[in-house]
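# Fold and contact review
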Amino acid sequence: MPNTDPKFPPLEKVAVIGNGPTELGKGTGPHIDSFEGVVRCNNYRLDGEFAKDYGTRTTHWTNAAHACNLPKTNGWDHILIPMPLYDKRFYRYPTTLAHIPQQDHHKIVYMDYDLYMELFKHLQRPSLGIEVLYWLWRYHGKPLLPQNVFGFTWFDKTQMHEYWDGHIKPDFAKRGEYDHEGAKEKAFFEKMTKEAPR
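Residues numbered from 1 in each chain as written. Predicted model: local features only at pLDDT ≥ 70, side-chain atom pairs only at ≥ 80, totals over all residues. Heavy atoms only, no water.

### A few points about the packing of helix α4 (residues 128-140) against helix α6 (residues 182-194)
Look at α4 against α6: their axes get within 11 Å of each other, and the N-to-C directions meet at 15°. The angle between the axes of α4 and α6 places the two elements in the roughly parallel class. α6 is crossed by α4, and the crossing has left-handed handedness. Contacts from Ile130, Leu133, Tyr134 and Trp137 in α4 reach Glu185, Phe188, Phe189 and Met192 in α6. Looking at the contact of α4 with α6 residue by residue, the classes come out as seven nonpolar, no polar and one charged. (Axes fitted to C-alpha atoms, helices over the stretch in contact; angles between N-to-C directions. Helix = DSSP H or I, 4+ residues; strand = E, 2+ residues; numbered from the N terminus. Parallel < 35°, antiparallel > 145°, perpendicular 65-115°, else oblique. Left-handed = near helix turned anticlockwise from the far one by under 90°. Contact = heavy atoms within 4.5 Å. Nonpolar A, V, L, I, M, F, W, Y, C, P; charged D, E, K, R; others polar.)

Structure (structure tokens):
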């Protein structure tokens, strides 16, 4: 049977880090590293100057099952795939786990099929970030803590998409790279910070 238990630490001890530029210049890195669980998404950089704002630790790496340009060794305890790729009923888009070193495949955790379909009722094109936040919310059964969520811009097109790329990409929408519902995701996140799952 596929592993569907992400083993999140207690909610107040988990930080979820997106790749938006919201933390640049804030020196948030040491605070992020102080959490027992540090969840990061897809590509990220923690080298050089980025470490002081985004930290250096990662316990849970969340990946959308496509190739990422990350070092072979990252020290993750868990690799979260917030989609039920193991279930034949599920199909989203062509995916691959080839970029994950074979020796780390035992760390892979999939989102349960029913849980994913529950989220899909709220958002038709959920991003990886909202998927893992929803997973965390349902896992603990109580409101999320917004102060423990960093680096989320909700696809604001006036900001850099990724904190290390150094420039704004205003043509993202035309190229289909912002194929997520940023405003809806932000509103749904705010709901999850105020309500427990029912």
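### Some points on the sheet that holds strand β4 (residues 78-81)
Within the open sheet, the six strands sit side by side as β5-β4-β3-β2-β1-β6. Their pairing is parallel. The open sheet has two edge strands, β5 (108-110) and β6 (149-150), and neither has a second partner. The strands that α4 touches are β1 (14-17), β2 (37-41), β3 (60-62), β4, β5 and β6; relative to β1, the one it contacts most, it runs at about 165°. (Pairing = 2+ DSSP bridges.)

### A short note on unusual backbone geometry
Unusually for a residue other than glycine, Asn42 sits at a positive phi of about 45°. Note that Asn42 resides in the loop between β2 and α2 (50-54). In the Ramachandran plot, Trp154 falls in the positive-phi region, its phi being about 55° despite a non-glycine side chain. Structurally, Trp154 can be placed in the loop between β6 and α5 (172-175).

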